[in-house]
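Here is how the chains run, residue by residue.
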Amino acid sequence: QVQLLESGGGLVQAGVSLRLSCAASGRTFSNYAMGWFRQAPGKERECVAAISRSGGSTYYVDSVKGRFTISRDNAKKTVNLQMNSLKPEDTAVYYCAAATAKYGLTPTSGYDYWGQGTQVTVSS
């Protein structure tokens, strides 16, 4: 079992930055690829970013490329999502998730463990 706890959400204006953090507890953190997902009202949940077990590979959905950066610290069992130049369309509940994955992969589905989510609201 892996427990995940997100923090860092909030209400911000368009154009500013926000950093989400996810702290993991439980089994060996480095055994899991990690992802950040978001779900806006009336929309399906989407994978925003993912990072491989070592942190050497990353994935970003097209709409956040160049603005968001995912990173992880296996010693501290944390994964972060730095979000710059936020837009109103980034408004959503953001979830941290962990996936059992082969080394080097950045899965966008099939995640096993989920956090409770943190709300990000970007006003225009």
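Considerations on the sheet that holds strand β7 (residues 68-73)
Taken in spatial order, the 4 strands make up an open sheet running β1-β3-β8-β7, and their pairing is antiparallel. On the outer flanks of this sheet lie β1 (2-7) and β7, each paired with one strand and no other. Strand-to-strand, the axes of this sheet are offset by a mean angle of 15°, without reference to chain direction. Pairing of β7 with strand β8 (residues 78-83) involves 6 bridges; the strand directions are antiparallel.

Looking at the state of the cysteines
Tallied over the entire structure, the rule returns 1 disulfide. The residue that forms a disulfide with C22 is C96, at a sulfur-sulfur distance of 2.1 Å. Around the S-S axis, the bridge from C22 to C96 shows a dihedral of about -80° and counts as left-handed. One end of the pair, C22, is in strand β3 (residues 18-26); the other, C96, is in strand β9 (residues 92-100), with 74 residues separating them in the sequence. According to the relative accessible area criterion, C22 is buried, its value standing at 1%. Here C96 falls in the buried class, since its relative accessible area comes to 0%. No disulfide involves C47; its nearest neighbouring cysteine sulfur is the one of C96, lying 11 Å away. Accessibility expressed as a relative area gives 8% for C47, which makes it buried.

Rules of the game
Residues numbered from 1 in each chain as written. Predicted model: local features only at pLDDT ≥ 70, side-chain atom pairs only at ≥ 80, totals over all residues. Heavy atoms only, no water. Pairing = 2+ DSSP bridges. Helix = DSSP H or I, 4+ residues; strand = E, 2+ residues; numbered from the N terminus. Axes fitted to C-alpha atoms, helices over the stretch in contact; angles between N-to-C directions. Disulfide = S-S within 2.5 Å. Buried < 20%, exposed > 50% of the residue type's maximum accessible area, 1.4 Å probe, protein only.

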